[in-house]
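Reading the structure
The lines below spell out each chain.
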Amino acid sequence: MLVILSKYLYNEFMEKFCIVTYGCQMNVHESEKLSGMLLDFGLQETLKPTNADVIVFNTCCIRENAENKACGNIGALKGYKKKNPNVIIAVGGCMPQQKGVAEKLLDKFPFIDIIFGTQNLYLFKQFLQERLNGKKHVVELEYNSPLPPENFEFNRDGKDDNAYVNITYGCNNFCTYCIVPFVRGRERSRLEKDILEECKQIISEGKYKSITLLGQNVNSYGNDLKDGSNFSKLLKEIALLPGDFKIKFMTSHPKDLSDELIETIATTEKISHDIHLPCQSGSTKVLEAMNRRYTREHYLGIIKKIKTKIPDANISTDIIVGFPGETEEDFQDTITLIKEVKFSQIFAFIYSKRKGTVAEKMEGQVPILIKRRRVNEVLNLQKQIIKEQKGK
Ligand code: SAH
Ligand code: SF4
Ligand code: F3S
């Protein structure tokens, strides 16, 4: 009885929530789920943390600077929380999912009320309720959960005309630099019928021009299901749904991009010709050390097939410079690959050491000044390529 009464009293004071999102599209979409849950809780959204009664940080830890940014912004709320002790501060997403990080966060920022992870985000209303019922810190992390439930209360608030749809969660690839498999668990595919149902629902709303299918490696969709589903088949099924919309997807892993898929993209009108295909490096030696499981030649072979079958394809990529052991010669292999492919867009990153990954312990860590010079070289080259293409 007491519990119900306190919930009622607390809710009367709570009006607004604010979600601060870092990281990739996966997190952007998960913030739409959090937003849906908080609306359902009876709160309204505000974009300013210091106007909110519930502030949720949906964090990223892909590189050190992503973590620093989140920690800086959490720390900046110390005074606000002191003045408004009833304000609830929650930290979720990839960062606390790392080993020992939840404890460190609480140590550094004892005013955090709730810590949750990537795999139990759908329980956020329950965590909030527990805190409102008087639990001092709610720390709930999950490491091997199955798929989250279907029928989510999204708040796809129509900020743009694209709707995100998860097709897989987690990642099995263990690229040696990457933290994602550790913080998002093994790859799990949603059932084709559930994805189709969600797409139908989105199309029936009539507000979206595109649907973007999300997975760390969309090309391996269905491998875990063992029911014959695969990504190419899924795309064809979605394209059969009646309506005027484009299908986009990210991210494609070059090792799993099949000829069948290139054919499907080339011949299915509704599928977008924007293909994000991270190469990471142009050096086969570095790719091997990264555990990417393809060579420079294999990558260039796929690009050739794409350009032949889909002449108007926009191919974008991710590049990491300064991976341990990357020599000047290896780096020049990346430069020549960029010159050869002529990407429509490049996301270039300085390698950032991540705790618990294989590359963390590798010899030959590259000094920061060299990494900065290399990343600038990539960005300048890309600018030049775009300029030349526009001039044509
Ligand atoms: N699953 C996707 C993207 C994952 S993260 C894929 O495999 O392509 C997005 C990008 O961040 C990666 O493509 C990579 O270029 C970069 N990245 C990942 N870990 C990194 C690290 N430790 N340091 C620098 N960049 C990193
Ligand atoms: Fe990270 Fe590699 Fe998985 Fe992408 S495919 S999320 S880079 S481990
Ligand atoms: Fe995305 Fe960052 Fe997590 S890139 S998967 S939010 S570590």
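Quick notes on the rules
Residues numbered from 1 in each chain as written. Chains lettered and ligands numbered in written order. Predicted model: local features only at pLDDT ≥ 70, side-chain atom pairs only at ≥ 80, totals over all residues. Heavy atoms only, no water. Salt bridge = Lys/Arg side-chain N within 4 Å of Asp/Glu carboxyl O. Helix = DSSP H or I, 4+ residues; strand = E, 2+ residues; numbered from the N terminus. Buried < 20%, exposed > 50% of the residue type's maximum accessible area, 1.4 Å probe, protein only. Near = heavy atom within 4 Å. Polar contact = N/O pair within 3.5 Å; in protein donor to acceptor, adjacent residues only side chain to side chain. Areas by Shrake-Rupley, 256 points an atom, 1.4 Å probe, with all protein chains shown as cover. Nonpolar A, V, L, I, M, F, W, Y, C, P; charged D, E, K, R; others polar. Pairing = 2+ DSSP bridges. Right-handed = clockwise from strand over helix to strand, strands pointing away.

Examining the pattern of salt bridges
If you walk through the whole model with that rule in mind, you get 22 salt bridges. Between Asp113 and Lys81 there is a salt bridge whose closest N-O contact spans 2.7 Å. Residue Asp113 is found in the loop between helix H5 (101-108) and strand E5 (114-116), and its partner Lys81 is found in helix H4 (residues 78-83); the two are separated by 32 residues along the sequence. According to the relative accessible area criterion, Asp113 is buried, its value standing at 3%. Lys285 is the salt-bridge partner of Asp330, the closest N and O atoms lying 2.7 Å from each other. Linking Asp330 in helix H13 (residues 328-341) with Lys285 in helix H11 (residues 284-289), this pair joins segments that are 45 residues apart in sequence. In this structure Asp330 comes out as buried when scored by relative accessible area, which is 6%. Assessed through its relative accessible area of 47%, Lys285 is described here as partly exposed. Here the residues in one salt-bridge network are Glu326, Glu328, Arg373, Arg374 and Glu377, joined through shared partners.

Observations regarding the site of ligand 1
Of all residues adjacent to ligand 1, which total 15 residues, the nearest are Tyr177, Gln216, Gln280, Asp318 and Ser352. One of the side-chain nitrogen or oxygen atoms of Arg63 is found 3.1 Å away from an oxygen atom of ligand 1. A distance of 2.8 Å separates a nitrogen atom of ligand 1 from a polar atom in the backbone of Ser352. A total of 540 Å² of accessible area belongs to ligand 1 in isolation, and the protein chains cover 90% of it. Elements that contribute at least two residues to the shell around ligand 1 include exactly strand E13 (314-321) and strand E14 (345-350). Residue composition of the shell around ligand 1, by class: seven nonpolar, four polar and four charged.

Some details on the pairing of E14
Bridging between E13 and E14 involves six bridges; their strand directions are parallel. Looking at the pairing, Ile320 lines up with Phe349 of E14. Taking the sense of rotation as the criterion, the β-α-β connection linking E13, H13 and E14 turns out right-handed.

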